[in-house]
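Coordinate inspection notes
For reference, the chains in residue letters:
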Amino acid sequence: MAAEQTSRFTVTRNSQAVAADQRALLLEDPGFGRLFTDHMVTIRYTEGQGWHSHKVEPRAPFQLDPACAVLHYAQEIFEGRKAYRLEDGSIAMFRPEENARRFAESAERMAMPAIPEELFMEAVEQLVKIDADWIPGGEGSLYLRPFLFASEAFLGVRPSNEYIFCVIASPAGAYFKGGKKAVTLWVSDHYTRAARGGTGAAKCGGNYAASLVAQKEAIQHGCDQVVFLDAAENKWVEELGGMNVFFVMDDGSIITPPLGTILPGITRNSIITLARAKGIDVREELYSFAQWREDATSGRMREAFACGTAAVVTAIGTVKSTGGDFTIGNGDGGLVTESLRAELTGIQRGAVADPAGWVHMV
C-alpha cells in the first residue's frame, strides 16, 4: 500500500476497501453502529514528545499490551458527531468546533493531554474526505467517533505517559429501531449516573458503562431508555442514559435540567438557542420526577423530548417506574418537539437558513 502525505498526515489507502456495489447494498439499511468505513485516523502522544505519528490508514484492530493502562484504569474519552450529504452533493458537519472544545474539557477532567482543537478538526475532516462515499443518502449520515485512550503498558494508579487518539466512522440510519416517533422511558430509582464533583460532565466511557445495568433494567420493562435521578436526593431528573431531556409546559415555556452533573450536550445547547430565538422561555432549572408525573397527569406539561447527536430530537411518549406509568400528552410527541426537530435537522442538512454559522463545510 503506497503512502501519500496530506498536510501533517501520512495517508495510506486501504487496498481492500469495500467494493462500490457492495457498499451501496450495505448503505440501504446501515442501522446504527454496526457498519464501519474503510479507514481510520490515528495520532500518538508520548510524554515529552507531544502529539506525533499522524496517520490516515486502513481500519484495523489495535495491538495492545495486556498491561495497557486503559484496560485497568479506564482513562478514555470519546465524542460523537455526524457528517451529512447535502442536496447539492456537498458534505457538512454540525458545530464540530464544539465537539473539539468538549473533547479537550473531557481530557482535562480525566487527567489526559488535550488534543489541540485545530488538530481534532483536521483529523475528523481527513477521515470524512477519504471515506466520503460511505455517507448514506436521504436521512442517513456518517457517524464519527473520535476517541482517546491511555496506551502505556504499566500497572500503577497514575496518569498514563502514552495515549492514542483515533477517529473511526460508521454509516448511520435511525438510532431507535423502527425509527420510533416517541420512545418509552424507565425511571431508575436505585442506580445513579453521576454525582457532584464526579465525571458526569465528561464524555468518558466509564459513565456509559455504569449506566448499562440500568439500561438493561429499562429494556426488561419494555422501555427504550433509562432516566437517571440525582445521586444526592434521588429526586431531580437529570438525563437519560445517552441523551439530555426537555419538558414543554402548557404556557409554552420549556424546562431542562441545569448543567453540573450532566453532559453539556451540543444538541441540547442548539435546542436552547433555537427555542429562545423563537421567543420561547427556556429555563435551566431543577425539575423533580414527582413534579413530572403530576404535570403530565394534569396536562400542565404538554410534551417531553430527549436529544443528542445520535437520535437528534426524539419525543417521549410514556414513562414507566416502580410507582406506576404515565403518558405525556397523546403519547406520540407534539408540535413544539416536531418544530424544533425540523428546524435543527433542516439547518444540519442545509435546507434551513443557518444564521448562527453552525454548519461547517468539509
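Right, let's walk through the structure included here. The shown structure was predicted, so the numbers you read here are calculated from the model rather than taken from an experiment. (Residues numbered from 1 in each chain as written. Predicted model: local features only at pLDDT ≥ 70, side-chain atom pairs only at ≥ 80, totals over all residues. Heavy atoms only, no water.)

Moving on to the packing of helix α3 (residues 96-109) against helix α4 (residues 117-130). As a packed pair, α3 and α4 sit with axes 9 Å apart at the nearest point and diverge in direction by 125°. Taken together, the axes of α3 and α4 lie oblique to each other. By crossing handedness, the relation of α3 to α4 is classed as right-handed. Residues P96, E97, N99, A100, R101 and F103 of α3 touch α4, and the partners they reach there are E117, F120 and M121. Across the contact of α3 with α4, the residue classes tally to five nonpolar, one polar and three charged. (Axes fitted to C-alpha atoms, helices over the stretch in contact; angles between N-to-C directions. Helix = DSSP H or I, 4+ residues; strand = E, 2+ residues; numbered from the N terminus. Parallel < 35°, antiparallel > 145°, perpendicular 65-115°, else oblique. Left-handed = near helix turned anticlockwise from the far one by under 90°. Contact = heavy atoms within 4.5 Å. Nonpolar A, V, L, I, M, F, W, Y, C, P; charged D, E, K, R; others polar.)

The description of an aromatic ring pair rests on the distance of the ring centres and on the angle between the ring planes. Tallied over the entire structure, the rule returns 17 aromatic pairs. Ring centres 5.1 Å apart and planes at 65° place the aromatic pair F32 and Y143 in the edge-to-face group. One end of the pair, F32, is in the loop between α1 (20-27) and β3 (39-46); the other, Y143, is in strand β8 (residues 141-150), with 111 residues separating them in the sequence. A residue is classified by how much of its surface remains accessible, and Y143, at 11% relative accessible area, is buried. An aromatic cluster of at least three residues, connected via ring pairs, comprises F247, Y287, F289, W292 and F326. We note R23 situated over the ring of W134; from NZ or CZ to the ring centre the distance is 6.0 Å. The positively charged end of R59 is found above the aromatic ring belonging to F36, 4.4 Å away from the centroid. (Phe/Tyr/Trp six-rings, centres within 6.5 Å; stacked < 30°, edge-to-face > 60°. Buried < 20%, exposed > 50% of the residue type's maximum accessible area, 1.4 Å probe, protein only. Lys NZ or Arg CZ within 6 Å of the ring centre and 35° of its normal.)

The subject of this paragraph is a nonpolar patch on the surface. A cluster of nonpolar side chains, Y73, L155 and V157, forms an exposed patch at the surface whose accessible area comes to about 350 Å². As for its placement among the helices and strands, V157 is situated in the loop between β8 and β9 (162-172). (Patch = residues over 30% accessible without salt bridge, like charges linked within 9 Å, V, L, I, M, F, W, Y side chains within 5 Å. Areas by Shrake-Rupley, 256 points an atom, 1.4 Å probe, with all protein chains shown as cover. Salt bridge = Lys/Arg side-chain N within 4 Å of Asp/Glu carboxyl O.)

This next bit is on the packing of helix α6 (residues 266-277) against helix α8 (residues 335-348). Packed helix pairs are characterised by how far apart their axes lie and by the angle those axes make with each other. Here α6 crosses α8 at 110°, and the two axes come no closer than 10 Å. If you check the angle between α6 and α8, you find them roughly perpendicular. Of the two possible hands of crossing, α6 and α8 adopt the one that is right-handed. Each of T267, S270, I271, L274 and A275 in α6 lies in contact with α8, whose residues at this interface are L340, E343, L344 and I347. Split into classes, the residues belonging to the contact of α6 with α8 amount to six nonpolar, two polar and one charged.

A complete count under the given rule lists 15 salt bridges for this structure. The partner of R101 in a salt bridge is E105, and the shortest N-O contact between them spans 2.9 Å. On the criterion of helical spacing, the pair formed by R101 and E105 is a turn pair, its members being four residues apart in helix α3. Overall, the relative accessible area of 40% leaves E105 in the partly exposed class. The residue E152 makes a salt bridge to R158 at a minimum N-O spacing of 2.9 Å. The class of R158 is partly exposed, set by a relative accessible area of 36%. What emerges from the salt-bridge pattern is a single network uniting E98, R101 and E105.

Let's shift gears to the environment of P257. Within the secondary structure, P257 is located in the loop between β14 (254-256) and α6. Owing to a relative accessible area of 2%, P257 belongs among the buried residues under this scheme. Residues P257 and V237, spaced 20 residues apart in sequence, show a C-alpha to C-alpha distance of 6.9 Å. In this structure P257 touches V237, E238, V245, F247, I262, R268 and E285, once residues within four positions along its chain are discounted.

In this section: unusual backbone geometry. Even without being glycine, S53 reaches a positive phi, approximately 55°. Inspection of the secondary structure assignment puts S53 in strand β4 (residues 50-58). The backbone of A111 shows a phi angle near 60°, a positive value even though the residue is not glycine. Take A111: it is sitting in the loop between α3 and α4. Here A111 falls in the partly exposed class, since its relative accessible area comes to 43%.

Turning to the nonpolar core, a few remarks are in order. Counting residues in hydrophobic clusters, the biggest one holds 40 residues, and the most contacted among them are I43, L144 and F165. Elements supplying a minimum of two residues to this core: β2 (9-12), β3, β4, β7 (91-94), α3, α4, β8 and β9. Among the elements that line this core, the one with the most residues is α4, at eight residues. For I43, the residues in contact, after removing those within four places along its chain, are F9, W51, H52, S53, H54, I115, L119, A123, Y163, I164 and F165. (Core = buried A, V, L, I, M, F, W, Y, C linked by side-chain atoms within 4.5 Å.)

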